[in-house]
Amino acid sequence: MSLYDDAVLVLKEYEDQPELRDVYLEHLAAHPDGMYKPCEAGHLTSSALVIDPSRGQVLLTLHKKLGMWLQMGGHCEPGDPTLEAAALREAREESGIATGLTLLPGGPVRLDRHPIPAPCHWHLDVQYAALAPAGAAAEISDESLDLRWFGYDEVAGVADTSVVRLLEGTLARLG
């Protein structure tokens, strides 16, 4: 199964945010190249909120280009077999936590469509949550200006509403 086929299947099975899910599916139907950065009409991205429930914290990266605190994530690559694999790869690369990260079961937590500068126009982000092993030590990557653990109650003060909603969805799924 190709990454494109996996994305279509994942989105068809995703039951939340039906209007936005349909936008993603329509985009892929219209753009067979819509999984990758060269698609100027927009492309899917995959991200993961790294969370350590034992400490009540999430790991955020200060994005080098945007100057914003965000979850780990980015562009799909040709070697990614699935959206989940892309999210986990990005989480490992950007967090420096090489082993022990696992995606929260149940598929994507949220979808977030946001504009980006030309030549492309949109990121259609498929957002997961990654559970970090208790006490995991993070290491900053060259894609970040900073990397920090934040308490759940601190996230709204540093991150935008997309990250806050992703945290809320993650915590709801954790129960």
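Summarised in this report is the structure supplied together with it. All values reported here derive from a predicted model rather than from experimental measurement. (Residues numbered from 1 in each chain as written. Predicted model: local features only at pLDDT ≥ 70, side-chain atom pairs only at ≥ 80, totals over all residues. Heavy atoms only, no water.)

Attention shifts here to the nonpolar core. One finds Leu44, Val50 and Leu83 to be the most contacted residues of the largest nonpolar core, which totals 34 residues. Elements represented by at least two residues in this core include exactly helix 1 (3–13), helix 2 (18–30), strand 1 (43–52), helix 3 (83–95), strand 7 (122–131) and strand 8 (144–151). Counting 17 residues, the second-largest nonpolar core is a separate cluster that includes Leu70, Val109, Phe150 and Val163. (Core = buried A, V, L, I, M, F, W, Y, C linked by side-chain atoms within 4.5 Å. Buried < 20%, exposed > 50% of the residue type's maximum accessible area, 1.4 Å probe, protein only. Helix = DSSP H or I, 4+ residues; strand = E, 2+ residues; numbered from the N terminus.)

For the rest of this paragraph, the subject is the pattern of salt bridges. Enumeration over the complete set of coordinates arrives at six salt bridges. Asp22 serves as the salt-bridge partner of Arg21, at 3.4 Å between the closest nitrogen and oxygen. Given the relative accessible area of 15%, Arg21 is considered buried. Assessed through its relative accessible area of 34%, Asp22 is described here as partly exposed. The residue Asp52 makes a salt bridge to Arg55 at a minimum N-O spacing of 2.8 Å. Look at Asp52 and you get buried, because its relative accessible area is 0%. Residue class for Arg55 comes out partly exposed when judged on its relative accessible area of 36%. Each of Glu77, Asp80, Arg89, Glu90 and Glu93 takes part in one network of salt bridges that share partners. (Salt bridge = Lys/Arg side-chain N within 4 Å of Asp/Glu carboxyl O.)

Further remarks concern the packing of aromatic side chains. Evaluated as defined, the whole model comprises one aromatic pair. Arranged with centres 5.0 Å apart and planes meeting at 75°, the rings of Trp69 and Phe150 form a pair that is edge-to-face. Of this pair, Trp69 sits in strand 3 (residues 69–70) while Phe150 is found in strand 8, placing the two residues 81 residues apart along the sequence. Phe150 carries the same exposure label as Trp69, and that label is buried. One Lys or Arg, Arg55, reaches over the ring of Trp149 and ends 4.4 Å from the middle of that ring. Sitting over the ring of Trp122, Arg113 keeps its end group 3.6 Å from the ring centre. (Phe/Tyr/Trp six-rings, centres within 6.5 Å; stacked < 30°, edge-to-face > 60°. Lys NZ or Arg CZ within 6 Å of the ring centre and 35° of its normal.)

Moving on: the pairing of strand 1. Taken across its 10 residues, strand 1 has 10 buried, putting it largely inside the fold. Going residue by residue along strand 1, you find His43, Thr45, Ser47, Leu49 and Ile51 tucked away on one face and Leu44, Ser46, Ala48, Val50 and Asp52 tucked away on the opposite face as well. With nine bridges joining them, strand 1 and strand 7 adopt parallel strand pairing. Bridged to Ser46 within strand 7 is Val126. In terms of strand pairing, strand 1 meets strand 4 (residues 72–75) through four bridges, oriented antiparallel. Its bridge partner lying in strand 4, Thr45 is registered against His75. The turn linking strand 1 back onto strand 2 (residues 57–63) is made up of four residues, and Gly56 within it adopts a positive phi angle of 65°. (Pairing = 2+ DSSP bridges.)

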